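Listed here are the chains, written in short residue letters.
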Amino acid sequence: MSDSASDCSEPRRSPVTEAEVEALVRGICFKTGPPRFLGVELEWLVHEPRSPRLPVPPALRETAYAAVRALPLSSTVTVEPGGQLELSSAPAASLMECIDSVSADLVAVRAALREAGLALSGLGQEPWHEPTRFLHEPRYDAMETCLDRTGPEGRAMMCSSASVQVCLDAGYEEPGPLGLGRRWQLAHQLGAVLVGAFAHSPIARGRPTGWRSTRQSLWAAMDPGRTSAPPLDGDPRAAWARHVLDAPVMCVRAPSGPWDVPEDLSFRAWTRSDAPPDQEDLDYHQTTLFPPVRPRGHLELRMIDAQPGDDGWIVPLAVTAALFDDPEAAETAYRTVKPLAERTGSLPAPANPLWTTAARSGLADPELREAAVTCFAAAADALPRIGASDAVRQAVAEFTDRYVARGRCPADDVLDGVLDDAFGTGHLLHDTGHPLHDTEHQLHGKDLRP
């Protein structure tokens with residue numbers, strides 16, 4: 001969601017043909033070689049720590065975010081449509097380099113926000129407030145118009161969600177546990193396990209929604225042409241190129257005024273029109289696609305909810321890095337999660353039965369729990385081999401003991417009534433004035449009961 005784009009102020013370039021689009025996508029989106037770099041993108045909700053249920057005044061956000069932007073950070077800072085704050089790390093040569101760099105940036109960001117009376121909150125979905133847009137720009141005006149056509153989920157995703165996105169190299173060209181094809185398959189099959197293990201968004205409007213990961217349920221309910229994974233039974237490059245061409249165009253940018261939001265126009269059809277797109281339009285179009293795994297030269301894993309606590313993000317980063325970049329752990333993870341594919345019903349993530357179960361039940365599902373136990377054990381064994389510190393290894397072990405081994409996830413703590421880990425305060429969910437176990441279980445007018 002942090003993808004930025006210009007307001008199309010430059011003169012229009014040469015149009016691209018359908019064949020050129022396919023060649024460009026195949027050549028750019030999967031850059032192969034040995035896995036050397038790692039990155040993370042952290043989205044955070046921002047609240048007043050003493051009264052997190054109260055909306056933050058826009059003027060206060062503006063002041064605080066101006067102070068954050070002025071900081072000398074290694075990470076790139078962006079603001080999401082609803083005012084969520086995102087830190088995107090620079091590519092790091094090791095797990096610890098990534099963790100140390102982002103941790104230092106977060107210390108500085110939290111200090112700047114504290115001066116303004118604000119704090120970061122690690123939850124996958126805003127638990128109290130209605131989706132409210134903070135940014136009013138042509139891109140987000142067009143996005144809202146487009147997503148509203150298929151339901152309220154898109155606006156909630158834009159304005160109320162937060163995640164931990166792990167970025168990994170695409171891998172080697174040749175087969176094997178670190179090869180491109182294997183890593184592409186693993187990302188989608190392991191994705192459901194990561195959804196269930198790190199689910200942390202069971203509340204919206206102060207009430208349980210019936211999902212451990214409400215955030216993931218929103219992605220699954222949105223336009224599948226924009227949020228679904230491509231078919232996995234073939235070459236990843238060819239499948240992704242077809243997906244990009246057949247995906248719906250969100251908007252056509254303009255140098256001034258509102259952007260056009262076409263209906264029922266695929267990018268393929270646009271290339272065949274009388275006013276075809278150029279390469280900048282293609283680049284922008286790809287930023288409007290939100291599959292659970294997005295190839296951007298590297299692989300961007302987008303399915304993990306924001307985590308509780310100041311450093312909760314480190315655990316999914318470390319576990320994911322270990323399961324992808326250590327050959328032994330990658331092989332174990334692949335063999336463990338491969339049988340889960342039978343539960344997808346041959347449907348793409350995130351709207352298939354396996355991913356739906358992960359979002360609704362977390363690790364209460366026996367098969368997801370068993371797979372998570374094995375994968376977390378493999379990650380724990382691999383962490384020393386990829387240079388993880390004792391503190392990181394201990395954090396993973398504590399998470400495993402607290403959640404994975406017990407078939408739980410961070411959302412279960414929220415449902416038990418405790419939000420202090422997420423907000424750094426002593427606030428309890430049932431202090432909101434809403435019954436914690438309300439039987440209505442409604443989110444934006446849709447029945448989300450299991």
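Residues numbered from 1 in each chain as written. Predicted model: local features only at pLDDT ≥ 70, side-chain atom pairs only at ≥ 80, totals over all residues. Heavy atoms only, no water.

Peer 1: Help me understand the pattern of salt bridges in this model?
Peer 2: Side chains that differ in sign of charge can pair as their charged atoms come close. This model, assessed by the stated rule, comprises 28 salt bridges. Taking the shortest distance from any N to any O, the salt bridge between glutamate 18 and arginine 268 comes out at 2.6 Å. One end of the pair, glutamate 18, is in helix 1 (residues 18-28); the other, arginine 268, is in helix 10 (residues 267-271), with 250 residues separating them in the sequence. Here arginine 110 and aspartate 310 are joined by a salt bridge, their closest N and O atoms 3.5 Å apart. Linking arginine 110 in helix 3 (residues 95-115) with aspartate 310 in the loop between strand 9 (298-305) and helix 12 (314-325), this pair joins segments that are 200 residues apart in sequence. Since its relative accessible area comes to 15%, arginine 110 is described here as buried. A relative accessible area of 47% means that aspartate 310 is categorised as partly exposed. Three or more residues joined by partner-sharing salt bridges are found here, namely Arg133, Asp141, Glu144, Asp148 and Arg155. (Salt bridge = Lys/Arg side-chain N within 4 Å of Asp/Glu carboxyl O. Helix = DSSP H or I, 4+ residues; strand = E, 2+ residues; numbered from the N terminus. Buried < 20%, exposed > 50% of the residue type's maximum accessible area, 1.4 Å probe, protein only.)

Peer 1: I keep staring at the state of the cysteines and nothing clicks. Help me out?
Peer 2: In a disulfide, the sulfur atoms of two cysteines are covalently bonded to one another. Inspection of every chain in the model, using the stated rule, returns zero disulfides. Here cysteine 251 stays unpaired: no disulfide links it, and the sulfur of cysteine 146, its closest cysteine neighbor, is 7.6 Å away. The exposure class assigned to cysteine 251 is buried, which follows from its relative accessible area of 4%. Lacking any disulfide linkage, cysteine 409 is separated from the closest cysteine sulfur, that of cysteine 375, by 16 Å. Judged by its relative accessible area of 0%, cysteine 409 is buried. (Disulfide = S-S within 2.5 Å.)

Peer 1: Sorry, what's going on with the side chain of threonine 400 here?
Peer 2: As for its placement among the helices and strands, threonine 400 is situated in helix 16 (residues 390-402). Reaching out from threonine 400, the side chain makes a polar contact with the backbone oxygen of valine 396 at a distance of 2.8 Å. Discounting residues that sit within four places of it in the chain, threonine 400 has contacts with Phe376 and Ala405. (Polar contact = N/O pair within 3.5 Å; in protein donor to acceptor, adjacent residues only side chain to side chain. Contact = heavy atoms within 4.5 Å.)

Peer 1: Please explain unusual backbone geometry as it appears in this structure.
Peer 2: Here the residue pair alanine 349 and proline 350 is connected by a cis peptide bond, since its omega of 5 degrees sits within 30 degrees of zero. On the secondary structure map, proline 350 appears in the loop between helix 13 (327-337) and helix 14 (353-361). Unlike most non-glycine residues, arginine 205 shows phi in positive territory, near 55 degrees. Within the element layout of this structure, arginine 205 appears in the loop between strand 6 (203-204) and strand 7 (207-208).

Peer 1: Looking at this model, I keep getting lost on the packing of helix 4 (residues 138-148) against helix 5 (residues 153-160). Mind explaining?
Peer 2: Between two packed helices, the angle of one axis relative to the other and the distance separating the axes together describe the packing. It is at 7 Å that the axes of helix 4 and helix 5 come closest, and there the two elements cross at 145 degrees. Contacts from Tyr140, Met143, Glu144, Leu147 and Asp148 in helix 4 reach Gly154, Arg155, Met157 and Met158 in helix 5. Looking at the contact of helix 4 with helix 5 residue by residue, the class counts come to five nonpolar, one polar and three charged. (Axes fitted to C-alpha atoms, helices over the stretch in contact; angles between N-to-C directions. Nonpolar A, V, L, I, M, F, W, Y, C, P; charged D, E, K, R; others polar.)

Peer 1: Quick question: what am I supposed to make of helix 15 (residues 366-382) here?
Peer 2: One full turn of an α-helix is made of 3.6 residues, so residues set three or four places apart face in the same direction. Under the 1.5 Å per step criterion, the end-to-end length of helix 15 is 24 Å for 17 residues, consistent within 8% with the ideal 24 Å. All of the buried residues along helix 15 are Leu368, Ala371, Ala372, Cys375, Phe376, Ala378, Ala379 and Ala382. Taken around the axis of helix 15, the buried residues stretch over an arc of 160 degrees, which confines them to a single face. Exposed and oriented more than 90 degrees from the buried face of helix 15 are Pro366, Glu370 and Asp381. (Expected span 1.5 Å × (residues − 1). Arc of directions from axis to C-beta.)

Peer 1: In this structure, what is going on with the packing of aromatic side chains? I would like to understand it.
Peer 2: Between two aromatic rings, the relevant description is the distance of the centres plus the angle of the planes. Overall, the coordinates contain nine aromatic pairs when judged by the stated rule. An angle of 85 degrees between the planes, with centres 5.9 Å apart, marks the rings of tyrosine 65 and phenylalanine 134 as edge-to-face. Within this pair, whereas tyrosine 65 is found in helix 2 (residues 58-69), its partner phenylalanine 134 is found in the loop between strand 4 (119-121) and helix 4, the two being separated by 69 residues in sequence. On the basis of relative accessibility, which here comes to 12%, the residue phenylalanine 134 falls in the buried class. (Phe/Tyr/Trp six-rings, centres within 6.5 Å; stacked < 30°, edge-to-face > 60°.)

Peer 1: What am I meant to see in the nonpolar core here?
Peer 2: Inside soluble globular proteins, nonpolar side chains tend to come together where they are buried. If you look at the biggest cluster of nonpolar residues, it comprises 117 residues, and the most contacted ones within it are Leu85 and Trp313. At ten residues, the largest contribution of residues to this core is made by helix 6 (residues 180-197). Excluding anything up to four places from it in sequence, tryptophan 313 contacts Val40, Leu42, Trp44, Ile99, Val102, Ser103, Leu106, Val164 and Gln307. Core analysis: the next-biggest nonpolar cluster, separate from the first, contains seven residues, Leu45, Leu123, Ala162 and Val414 among them. (Core = buried A, V, L, I, M, F, W, Y, C linked by side-chain atoms within 4.5 Å.)

Peer 1: Looking at this model, I keep getting lost on the environment of alanine 395. Mind explaining?
Peer 2: Mapped onto the secondary structure, alanine 395 falls in helix 16. Taking the C-alpha atoms as reference points, alanine 395 and glycine 407, twelve residues apart in sequence, are found 18 Å from one another.

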